[in-house]
Amino acid sequence: PSKIILVRSHHTVVRAVEDGTADFGFVKADQFETMERANQTTASLFRVIFNRTTEGIQYPYAISTPLFPEFALMALEHTQREPQVIKAVTAALQRINRTMAPAVAGMYSTFLPPHTY
C-alpha cells in the first residue's frame, strides 16, 4: 500500500473499502453481518483475508485472527476496599458455561481472564 489511513469507526472502514478509498481494512468480527442485517452493505462484496475456523467452537462470524476477549472487566477504585465484591463478580463469571441460557443467547461459552492488555 502507498499509505495507511486511520479512521474512527469500523463502519467507516467498511465504507472506505467498499468505495475504493482503501484496498483493505481491519474490522471487528460481526461488522459485515451487522451492517448487512441493517441493509448498510452486502457482505459478499468482501473477502476475509486469512479466513479462519474456530476449532471446536461454533462462532457465527468470519474471522482472520484468533478469538480473544474484546472487552476488559474493570472496577472503580473504591471497590478495592470491598474485595469480596470483586471476588463474587469474578466467581460468577467463571461459573458461566455454554449450556446456560445467557451464554446460549449471547453466543459465548466461558469467561476467561485476559493474560494481558
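Residues numbered from 1 in each chain as written. Predicted model: local features only at pLDDT ≥ 70, side-chain atom pairs only at ≥ 80, totals over all residues. Heavy atoms only, no water.

Chemist: Requested: an account of the overall build of the protein chain, with residues and values cited.
Modeler: Counting secondary structure elements, the protein chain contains 4 helices and 0 strands. Along the protein chain, helices (α) and strands (β) appear in the sequence α-α-α-α when read from the amino end. Taking 117 residues into account, the globule formula puts the C-alpha radius of gyration at 13 Å, and the protein chain, at 18 Å, lies well above it. Across its three principal axes, the protein chain shows a C-alpha extent of roughly 55 × 35 × 25 Å. (Helix = DSSP H or I, 4+ residues; strand = E, 2+ residues; numbered from the N terminus. Rg over C-alpha atoms; globule rule 2.2 N^0.38 Å.)

Chemist: Explain the confidence of the model for the protein chain to me, and be specific about the residues and the numbers.
Modeler: On average, residues of the protein chain carry a pLDDT of 83, and 95% of them reach 70 or more. Within the protein chain, no element has a lower average pLDDT than helix H4 (residues 101-106), which sits at 82, and none a higher one than helix H1 (residues 10-18), at 92. (pLDDT = per-residue confidence, 0-100.)

Chemist: So what about the environment of Val13? Which residues, and what values?
Modeler: Turning to its location among the elements, Val13 is positioned in helix H1. Considering only alpha carbons, one finds Val13 and Thr42, 29 residues apart in sequence, at a separation of 14 Å. Discounting chain neighbours no more than four positions away, the residues touching Val13 are Val7, Gly25, Phe26 and Val27. (Contact = heavy atoms within 4.5 Å.)

Chemist: Break down H1 for me, with residues and values.
Modeler: Looking at H1, one finds that the buried residues are Val13, Val14 and Ala16. Axial view of H1: buried residues confined to an arc of 160°, hence all on one face. On its buried face, H1 sits against helix H2 (31-37). Directly beyond the C-terminal end of H1, a positive phi value near 90° is found at Gly20. (Buried < 20%, exposed > 50% of the residue type's maximum accessible area, 1.4 Å probe, protein only. Arc of directions from axis to C-beta.)

Chemist: Kindly report on the side chain of Glu33, identifying the contributing residues and their values.
Modeler: Counting through the fold element by element, Glu33 comes out in helix H2. Here Glu33 is buried and forms no salt bridge, its nearest opposite-charge partner Arg37 lying at an N-O distance of 6.4 Å. (Lys, Arg positive; Asp, Glu negative; His and termini not counted. Salt bridge = Lys/Arg side-chain N within 4 Å of Asp/Glu carboxyl O.)

Chemist: Kindly report on the side chain of Gln31, identifying the contributing residues and their values.
Modeler: By the secondary structure assignment, Gln31 is in helix H2. In this structure Gln31 comes out as buried when scored by relative accessible area, which is 8%.

Chemist: Provide a residue-level description of a nonpolar patch on the surface, including the pertinent values.
Modeler: Residues Phe24, Phe26, Ile49 and Phe50 make up a contiguous nonpolar surface patch of roughly 530 Å² in combined accessible area. Tracing the backbone through its elements, the reader meets Phe50 in the loop between H2 and helix H3 (83-94). The class of Phe50 is exposed, set by a relative accessible area of 69%. (Patch = residues over 30% accessible without salt bridge, like charges linked within 9 Å, V, L, I, M, F, W, Y side chains within 5 Å. Areas by Shrake-Rupley, 256 points an atom, 1.4 Å probe, with all protein chains shown as cover.)

Chemist: Account for the pattern of salt bridges, with residues named and values stated.
Modeler: Scanning the model with the defined rule gives 2 salt bridges in all. Arg15 is the salt-bridge partner of Glu18, the closest N and O atoms lying 2.5 Å from each other. In this pair, Glu18 and Arg15 both sit in helix H1, 3 residues apart, roughly one turn of the helix. Relative accessible area serves as the criterion here: at 31%, Glu18 is assigned to the partly exposed category.

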